[in-house]
Amino acid sequence: MYNGSSFNLSDQSAHLKAINLGFTLTQDGTLTPGSTIKIPVSVTNNSSSLVSSALSSGTSLDIQSVGTIKYQADNRYGTSGSYIITIGDSFDQTIANSNCCCNGATQ
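What you are looking at is a predicted structure, and each value in this text was computed from that prediction instead of being measured. (Residues numbered from 1 in each chain as written. Predicted model: local features only at pLDDT ≥ 70, side-chain atom pairs only at ≥ 80, totals over all residues. Heavy atoms only, no water.)

Some words on the pairing of strand S5 (residues 80-87)
Logical step 1: Within S5, 6 of the 8 residues are buried, which leaves it mostly tucked inside the rest of the structure.
Logical step 2: Examined bridge by bridge, strand S2 (residues 36-42) and S5 share 7 bridges and lie antiparallel to one another. Bridged to Thr-36 within S5 is Thr-86.
Logical step 3: With 7 bridges connecting them, strand S4 (residues 67-73) and S5 associate as antiparallel partners. If you follow Ala-73 over to S5, its bridge partner there is Gly-81. (Buried < 20%, exposed > 50% of the residue type's maximum accessible area, 1.4 Å probe, protein only. Helix = DSSP H or I, 4+ residues; strand = E, 2+ residues; numbered from the N terminus. Pairing = 2+ DSSP bridges.)

Below you can see the structure in the form of structure tokens.
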């Protein structure tokens, strides 16, 4: 799936096992410790109160050389929310104009 992709699973039961995020950040001096990056998430056709717990471990997780990531629900059922990446000191120490690739950040 890609940003904006959706698939209709009519009369199916889908179970979320893991979320794997991959991204590249470039240290250009714009992102400093404490800066946040918000990745919106929306789950449609689901009203279960378990959605939020499926999208998150409930704690912040470390992303090596970047900072931390945590899911923040925006509504009662957790069917919309965001993954919030908070830039840490280690990213601030990355050499200017170099990239930091992250694959498999899982909540």
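Further notes follow.
A closer look at the layout of surface pockets
Logical step 1: Here the second largest pocket is characterised by a volume of approximately 170 Å³.
Logical step 2: Those elements that provide at least two residues to the lining of the second largest pocket are strand S1 (20-26) and S2.
Logical step 3: Per-element accounting of the lining of the second largest pocket gives the leading share, 4 residues, to S1.
Logical step 4: Each residue belonging to the lining of the second largest pocket can be placed in one class, and the counts come to 7 nonpolar, 2 polar and no charged. (1 Å grid on protein atoms, 1.4 Å probe; cavity = no way out; pocket = protein on both sides within 12 Å on 5 of 7 lines; lining within 4 Å. Points joined across faces, edges and corners; volume = space filled by probe spheres on them. Nonpolar A, V, L, I, M, F, W, Y, C, P; charged D, E, K, R; others polar.)

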